[in-house]
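Take a look at the letters that make up each chain.
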Amino acid sequence: MSVDVTTLIIAIGVTFVATLLLTLGYLRLRGQPSSVGKPAMDNACEQLRTILDNIADGVIAIDPQGVIGIFNPMAEQIFGYKESEVLGRNIDILLTDLRTGEGSAIGVGTREVAGMRKNRATFQVDLTVCETGDKSNPGFVAIVRDITERKQAEQRLVYLAQYDALTGLPTRALFHDRAMHALARAHREEKLVAIMYLDLDYFKNVNDGLGHHAGDELLKAVARRITSCLRDVDTVSRMGGDEFTVILESIPHIDNATIVAEKILDVMQEPFHLDGHEIHVTVSIGITIYPMDDKDLTNLLKDADQAMYRAKQAGRNNFQIFGADMAESIAAVKLIETQIEHALERGELLLHYQPRVDVLSGNIIGVEALLRWRHPGMGMISAKD
């Protein structure tokens, strides 16, 4: 459900102004003589007390030294104190960041501060302080709102933006940030960084055969196994689906990357036990090295992806280190794949029928249907080409 921001701001403003005016009126009615009769003043006080008792924010009235004079029920609920326990005491038992006393500034305005409950637990508070009264009778009203749930929601959003909800691994965005820092450190220290691209082999079979729940459990188990092969300074992230990336920071030699790749392949050999099923799954790994292959992170990721693609071509369940020869050959294969995807809609795929003949009798005993691709540049291509 969406909330109109302007409406929300107006509602908050009205609540604030009403609270301030009512509290100010209550203070004046309590502390100063009135020209109205006692019954009218008593009625006004009763109305103000009713509103303060039911308002959704904590309302605390203090003098210039911070001594508490009013503490409404919502303030009781927020801080865990009864009104009788705090009247006459200094507000610093509740808001340690609020400076009071002679020569100190209480700080009029709105800000977030730390609050302290009766049980000494700290929490986040949205605090608005307003000056009341006049020079002869100065005072302040603190309007308090517990924003613990809001802060937790904000932290959750930040977490979800940086960490994968399923595996708990860093997401693509956090991976990119860590990789950029890793490359910068490697440049300063004259070290190498290995970027690894990992893709599970035949993961779709698990989803199709056992369902997405089993697939999710498998991804979590795979994430744990990959992590077990790395150092604390390294990073493994989930890029999406069944694809993972690894940053190996500050390695002295390429061999360090191949050792880690071999460890990952080894730990994946052990079967996974999920929902009563024994699942065997392997992984294809592509490796690229900074600064030998490239110095740009985007290009390094492309190189690692191409090396991983070569690992798939080499039979899966292996790793390949990026080489200059890969770019051209893999690009050519991907071009053919892209072209063949559109071959049917362009009318380039043809069926040719080939008779099967009995060599003894010479009779036709069957017909084979063979698919041919009439490529616009390469001519007629058969399945064997």
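Everything numeric in this text was worked out from a predicted model, so none of it was measured.

Report on the side chain of D57, specifying residues and quantitative values.
The topology assignment puts D57 in the loop between α2 (38-54) and β1 (58-62). At a separation of 2.8 Å, a polar atom in the side chain of D57 contacts the side chain of R145.

Residues and numbers for the sheet that holds strand β2 (residues 68-71), please.
What the five strands build is an open sheet, ordered β2-β1-β5-β4-β3; its pairing is antiparallel. The open sheet has two edge strands with one neighbour each: β2 and β3 (109-116). The mean inter-strand angle of the sheet, taken between neighbouring strand axes irrespective of direction, is 30 degrees. Relative to strand β4 (residues 122-132), helix α5 (residues 148-162) is tilted by about 125 degrees, and along the sheet it contacts β3, β4 and β5 (139-146).

Give me the lowdown on the pattern of salt bridges, citing residues and values where you can.
Per the counting criterion, the structure on display carries 14 salt bridges. Two residues, R117 and D146, come together in a salt bridge whose shortest N-O distance is 3.1 Å. Of this pair, R117 sits in the loop between β3 and β4 while D146 sits in strand β5, and the two are 29 residues apart along the sequence. We note a salt bridge from R150 to E154, for which the minimum N-O separation is 3.5 Å. One end of the pair is R150 and the other is E154, both in helix α5 and four residues apart, which spans about a single turn. Here E154 falls in the partly exposed class, since its relative accessible area comes to 35%. In this structure, a network of salt bridges that share partners links the residues E112, R150, K151 and E154.

Parameters and conventions
Residues numbered from 1 in each chain as written. Predicted model: local features only at pLDDT ≥ 70, side-chain atom pairs only at ≥ 80, totals over all residues. Heavy atoms only, no water. Helix = DSSP H or I, 4+ residues; strand = E, 2+ residues; numbered from the N terminus. Polar contact = N/O pair within 3.5 Å; in protein donor to acceptor, adjacent residues only side chain to side chain. Pairing = 2+ DSSP bridges. Axes fitted to C-alpha atoms, helices over the stretch in contact; angles between N-to-C directions. Contact = heavy atoms within 4.5 Å. Salt bridge = Lys/Arg side-chain N within 4 Å of Asp/Glu carboxyl O. Buried < 20%, exposed > 50% of the residue type's maximum accessible area, 1.4 Å probe, protein only.

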